[in-house]
Amino acid sequence: MKYVDEFRDKEIALGLAKAIRAEVDLARPYRFMEFCGGHTHTVSRYGLEDMLPNNVRMIHGPGCPVCVLPAGRIDMAIHLAMRPEVILCVYGDLMRVPGSQGASLLKAKARGADVRMVYSTIDAIRIAEENPAREVVFFAIGFETTTPPTAIMIRLAEKKHLSNFSVFCNHVLTPPAMQNILESSDIRNIGGVEIDGFIGPAHVSVIIGTTPYEFIAEEFGKPIVITGFEPLDMMQAILMLVRQVNEHRHEVENQYRRAVIRDGNLRAKEEVSTVFELRDRFEWRGLGRVPYGGLRLKPAYTKYDAELRFGMRELCVADDPACECGAILRGIKKPVDCKLFGTVCTPVTPMGSCMVSSEGACAAHWTYGRFRDHQQRPVS
Amino acid sequence: MRGHQCKLDIKNGCIDLSHGSGGRAMAQLISGLFHEAFGNEWLARGNDQSAFDVGGGRMVMTTDGYVVSPLFFPGGNIGSLAVHGTVNDIAMAGARPLYLSASFIIEEGFRFSHLKMIAESMGEAARSAGVHIITGDTKVVERGKADGLFISTAGVGVVPDGLDLSAENARVGDRVLISGTLGDHGIAIMSKRQNLAFETDVMSDSASLHDLVVKMVEAGGHGIRLMRDPTRGGLAATLNEIAQQSDLGFRLQEEAIPVKPDVAAACELLGLDPLHVANEGKLVAIVSPEVADAVLAAMRAHPLGCDAAEIGEAIADDHHFVQMATSFGGGCIVDWLSGEQLPRIC
């Protein structure tokens, strides 16, 4: 595959691994958090851990929009979907996400809810046009990457004068979550792990650029390298982070120059700012309420806000107290440190956020990496 | 079945509830459409069952249901798929497939012309595989109670004396062979699904593998431990299943696993793994190292095995992991799929 295989070349990977080994200081640890679930998936799927020195540790962050959706929001969606007049349109990987007491949209569908899997926002608009006597609700979810299509869809619905269409908005923002990880009051309760640098979001940065991360690099003294999702991208980014750490620098560097520019996609940002505004607090599964961590519709568009249209009540559902997701996605604990991992919590029966989507830290380790729990890691 | 004067209006007509009522219309459908397509001496007798000769060896029997959507896809349709799938289930035991049954659950309003195309492709697939569809059943359900058409089949075949293919025969050091490229069927189906349609030249690999199996058995004999066709769940599910049953693990080499570039590209686009995607004309064989080269050569000499490859080996592993050395240089597990494969949002 052109433009894909080039970024999965084994020989170049071995060269980068050699360069990383040559430059790391064996007397100190290097703890890098990959914020995005896509990066976590790449680390696990391509076995990057096998190619890194033992003192370079990858910490799997919270960055998967499906994982961080709290159970209460799923419960709200299920209640909405069970209304006979409602057609709820969702992206596929939301279908299995657990709400409270094992409920999910997949199970709600089996009980008669009209839940339809869509592949784009345009599908939801089409369904609304085809079903004028029903209320069509789009379950909007995602980081800055999927927010522009939702904004465009709402403006399209307005242009088409669709009166039977609304959005259940669950869009969240990455920089506030990164800040939350570094300064959350929870750290005092569950302890902290030093993070020596971040692998910065790829697709998110295509939209918002690199500038929103500069304050984190400056204020917290953490190097950040914005990186693509291919394994060679990540190997190169790790090398760039190692160099920043060794040189006591803390800058935002852009490894993903083929897709990301400093100011991002101005048109997309304009669409988003036209339709959305910040929520002062939004709950992230595993992180709790993140200040300015989510978006809602601006007053001019509230007629498309499903939460208002249907009087949806905010539901808060506590995670299982034995669940260690909060500590895992801050790097304090590893998936195997959680007593639920692999027992009651598996990808088939996920309990916590880290197991919910294939990109979560626990799901990635379960699916791709758990053989390492039973073998000695080779000495690099 | 004689004496029905009025012919079915294949071009413009469609199934109505009378075609499942057991009356004249149903008899007319069976004789005018299914018997035309499947025609053989057993069906011609018009009994509710068929008596048949088996000959020597042990009999195998299998049954399967087909609920594929869409019904027509690049490289086949639900009818040919039903024959290929059942023939392959028999062939994986090393058996010669002999006879099939076919049961149809048809939705009211289903077009005769589509049913005829499906039945004719079933008949053609059966004749190509040397099997006979010798008994069947027809039910018609109200509109909305079936997704157009469901087909259920059963099949019987005979295993030659002395041949015993089973997962418990596998040993550490055995080689893993695959008969060709993975994921073709699943991607061909997905490319035609409503809401997901995308341009691709990928055709379903749906095919009967019995003849390939004969050639493999001739080359490898008792060195062939077992064979499976990696259908739903793909290669990943099949090897995990074998690992559990054989009390072994497997180590695969990703670079050796054949995947068409178009399939790899579609999987990349959809966030799927070709190792989890369905196949309908491929087999996995676990063979002893002594016969691996001979069996692989026999596979490659057959049209349905020309892309065959050795992709790994059986290893001792109490945890029954299917491990893979990635083409990138690392390692990972190839796990079962958790539920349905669903496209990711990012």
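Bear in mind the structure is a predicted one, so any value in this text is a computation, not a measurement.

As a further point, take the overall build of chain A. Along chain A, the regular secondary structure elements total 16 helices and eleven strands. Here the C-alpha atoms of chain A give a radius of gyration of 21 Å, agreeing with the 21 Å that 2.2 N^0.38 yields for 380 residues. Dimensions of chain A, computed from C-alpha atoms along their principal axes, come out at roughly 65 × 45 × 45 Å. Across the 380 residues of chain A, 59% fall into the buried class. Here chain A has roughly 15,400 Å² of accessible surface; of this, 52% comes from carbon and sulfur atoms. With 46 positive and 46 negative side-chain charges, chain A shows a spacing of 3 Å between the two charge centroids.

Turning to the overall build of chain B, a few remarks are in order. If you tally the helices and strands in chain B, you get nine helices and 13 strands. Radius of gyration (C-alpha) of chain B: 21 Å, near the 20 Å computed for a compact globule of 346 residues. Taking the principal axes of the C-alpha coordinates as reference, chain B spans close to 70 × 55 × 35 Å. Within chain B, the proportion of its 346 residues that are buried is 57%. Just so you have it, chain B exposes about 14,700 Å², and 49% of that area is on carbon and sulfur atoms.

Here we come to the environment of R57(A). All names here are of chain A. With respect to the helices and strands, the residue R57 is situated in strand β2 (residues 56-63). Distance in space between the C-alpha atoms of R57 and R21 is 13 Å, their sequence separation being 36 residues. Within the structure, R57 has its side chain in polar contact with the backbone oxygen of G331 (distance 3.0 Å).

In this complex, chain B contributes 30 residues to the contact, which on the side of chain A involves 45 residues. Between chain B and chain A lies a buried interface of about 3,100 Å² when both sides are counted; carbon and sulfur atoms form 60% of it. Run the count over chain B and chain A and you get five salt bridges. At the boundary of chain B with chain A, the tally comes to nine residue pairs in polar contact (both at pLDDT 80 or more). Only α8 (261-270), β12 (322-325) and β13 (331-333) of chain B provide two or more residues apiece to the side of chain B that touches chain A. Considering only residue class, the side of chain B that touches chain A consists of 13 nonpolar, ten polar and seven charged.

Another point: the nonpolar core. In this structure, F34(B), L149(B) and L283(B) are the most contacted members of the largest nonpolar core, which totals 62 residues. Here the element with the most residues in this core is helix α4 (residues 112-129) of chain B; it accounts for eight residues. Taken domain by domain, this core gets at least three of its residues from each of domain 1 (17-159) and domain 2 (167-333) of chain B. Listed in part, the 56 residues of the second largest apolar core include I127(A), I141(A), A157(A) and V167(A).

This next bit is on the side chain of S205(A). Residues and elements named next belong to chain A. Examined against the element boundaries, S205 turns out to sit in helix α9 (residues 203-208). Within polar-contact distance, the side chain of S205 engages the backbone oxygen of P201 at 2.5 Å. Excluding residues that lie within four positions of it along the chain, S205 makes contacts with Y213, I226, V260 and G264.

On to the confidence of the model for chain B. With 95% of its residues at a pLDDT of at least 70, chain B reaches an overall mean of 93. Here the prediction assigns the complex a pTM of 0.90, and the interface score ipTM is 0.86.

Residues and elements named next belong to chain B. You can read the domains of chain B as domain 1 (17-159) and domain 2 (167-333). Centre-to-centre, using C-alpha coordinates, domain 1 lies 27 Å away from domain 2. Contacts between the two partners involve 19 residues from domain 1 and, on the opposite side, 20 residues from domain 2. At the boundary of domain 1 with domain 2, total buried surface from both sides reaches about 1,600 Å², with 63% on carbon and sulfur atoms. One can count zero salt bridges joining domain 1 with domain 2. For the pair domain 1 and domain 2, the number of links is eight residue pairs in polar contact (both at pLDDT 80 or more).

Quick look at the state of the cysteines now. Under the counting rule described, the total for this entry stands at zero disulfides over all chains. Looking at the unpaired C64(A), the closest cysteine sulfur is the one in C67(A), lying at 3.4 Å.

All names here are of chain A. Strands sit in the order β4-β3-β5-β6 across an open sheet of four strands; the sheet is parallel. Two strands bound the open sheet, and with one partner strand each, they are β4 (115-118) and β6 (165-171). Strand-to-strand twist in this sheet, taken as the mean axis angle between neighbours without regard to direction, amounts to 25°. By the bridge criterion, four bridges tie strand β3 (residues 86-91) to strand β5 (residues 135-142) in an arrangement that is parallel. From the neighbouring strand, I87 faces β5, where its bridge partner is V136. Its contacts with the sheet place helix α5 (residues 121-130) against β3, β4, β5 and β6, and it is angled at close to 170° to β5. Where helix α6 (residues 147-159) meets the sheet, its contacts fall on β5 and β6, and the angle it forms with β6 comes to roughly 160°.

Residues and elements named next belong to chain B. The omega torsion across S69 and P70 is 0°, close enough to zero to call that bond cis. Even without glycine at this site, D247 takes up a positive phi of about 60°. Locating D247 in the fold gives a position in the loop between α7 (234-246) and β9 (249-253). With a phi close to 60°, H320 is a non-glycine residue in the positive phi region. Within the element layout of this structure, H320 appears in the loop between β11 (309-315) and β12. H320 sits in the buried class, given a relative accessible area of 13%.

The buried fraction of helix α3 (residues 71-81) of chain A is high, at ten of eleven residues. Every buried residue belonging to α3(A) is among A71(A), G72(A), R73(A), I74(A), D75(A), M76(A), A77(A), I78(A), L80(A) and A81(A), and all of these are buried.

Here we take up the sheet that holds strand β7 (residues 175-178) of chain B. All names here are of chain B. Spatially, β8-β10-β7-β11-β9-β12-β13 is the arrangement adopted by the seven strands of the open sheet, whose pairing is mixed. Each having just a single partner strand, β8 (224-228) and β13 make up the two edges of the open sheet. The mean angle between the axes of side-by-side strands here comes to 25°, regardless of whether they run parallel or antiparallel. For β9 and β11, the ladder comprises four bridges, and the chain directions are antiparallel. In the sheet register, F250 faces β11, and the bridge partner there is A314. Contacting β8 and β10 (284-287), helix α6 (residues 210-220) runs over the sheet at an angle of about 165° to β8.

If the charged atoms of two oppositely charged side chains come close together, the side chains can form a pair. Residues and elements named next belong to chain A. A complete count under the given rule lists 41 salt bridges over all chains for this structure. Between R8 and E230 there is a salt bridge whose closest N-O contact spans 2.6 Å. Highlighted residues: R8 in the segment before α1 (10-23) and E230 in the loop between β8 (224-226) and α11 (231-246), separated in sequence by 222 residues. Exposure class is identical for R8 and E230. Each is buried. Where D50 meets R372, a salt bridge forms, and the shortest distance between an N and an O atom there is 2.9 Å. You can see D50 sitting in the loop between α2 (37-45) and β2 and its partner R372 sitting in the segment after α16 (361-369), a full 322 residues away along the chain. A cluster of three or more residues bridged by salt bridges with shared partners is formed by R73, R279, E307 and E314.

Reading guide: rules and limits
Going along each chain's sequence as written, the residues are numbered from 1 onward. For this description, chains carry letters from A and ligands carry numbers from 1, given in the order in which they are written. Given that this is a predicted model, residues contribute local features only at a pLDDT of at least 70 and side-chain atom pairs are listed and counted only at 80 or more, while totals for whole chains, interfaces and linings are drawn from all residues. To obtain the side-chain values, all non-hydrogen atoms of the structure were used and water was disregarded. Put simply, DSSP H or I for four residues or longer makes a helix, DSSP E for two residues or longer makes a strand, and each gets a number counted from the N terminus. Radius of gyration here uses only the C-alpha atoms, and the compact-globule reference equals 2.2 Å multiplied by the residue count raised to the power 0.38. Per-residue accessibility, obtained with a 1.4 Å probe over protein chains only, is compared with the maximum for each type, and a residue is labelled buried under 20%, exposed over 50%, and partly exposed between these values. For every accessible area listed, the method is Shrake-Rupley and the probe measures 1.4 Å; residues are considered covered only by the protein chains on display. When charges are counted, Lys and Arg are positive and Asp and Glu negative, with His and the chain ends excluded. For the purpose of locating charges, the reference atoms are NZ of Lys, CZ of Arg, CG of Asp and CD of Glu. We call two N or O atoms a polar contact when they sit within 3.5 Å, provided that within protein one can donate a hydrogen and the other can accept it, with sequence-adjacent residues counted only if both atoms are side-chain atoms. Two residues qualify as a contact provided that any one of their heavy atoms is within 4.5 Å of a heavy atom in the partner residue. When two components associate, each loses some accessible surface as probed by a 1.4 Å sphere; the sum of these losses over both components is called the buried area. A pair is scored as a salt bridge if a Lys or Arg side-chain nitrogen falls within 4 Å of a carboxyl oxygen belonging to Asp or Glu. Under the grouping applied here, Gly and all other residues not named as nonpolar or charged are polar, the nonpolar ones being Ala, Val, Leu, Ile, Met, Phe, Trp, Tyr, Cys and Pro and the charged ones Asp, Glu, Lys and Arg. Buried residues of nine kinds, namely Ala, Val, Leu, Ile, Met, Phe, Trp, Tyr and Cys, make up a nonpolar core once their side-chain atoms join them within 4.5 Å. Start and end positions for the domains come from either an automated domain assignment or a database one. pLDDT runs from 0 to 100 and stands for how confident the predictor is about each residue. Any cysteine sulfur atom paired with another within 2.5 Å is treated as part of a disulfide. Pairing between strands is defined by DSSP: at least two bridges between the two strands are required. Axis definition: a line fitted to C-alpha atoms, over the contacting stretch in the case of helices. Angles run 0 to 180 degrees between N-to-C directions.

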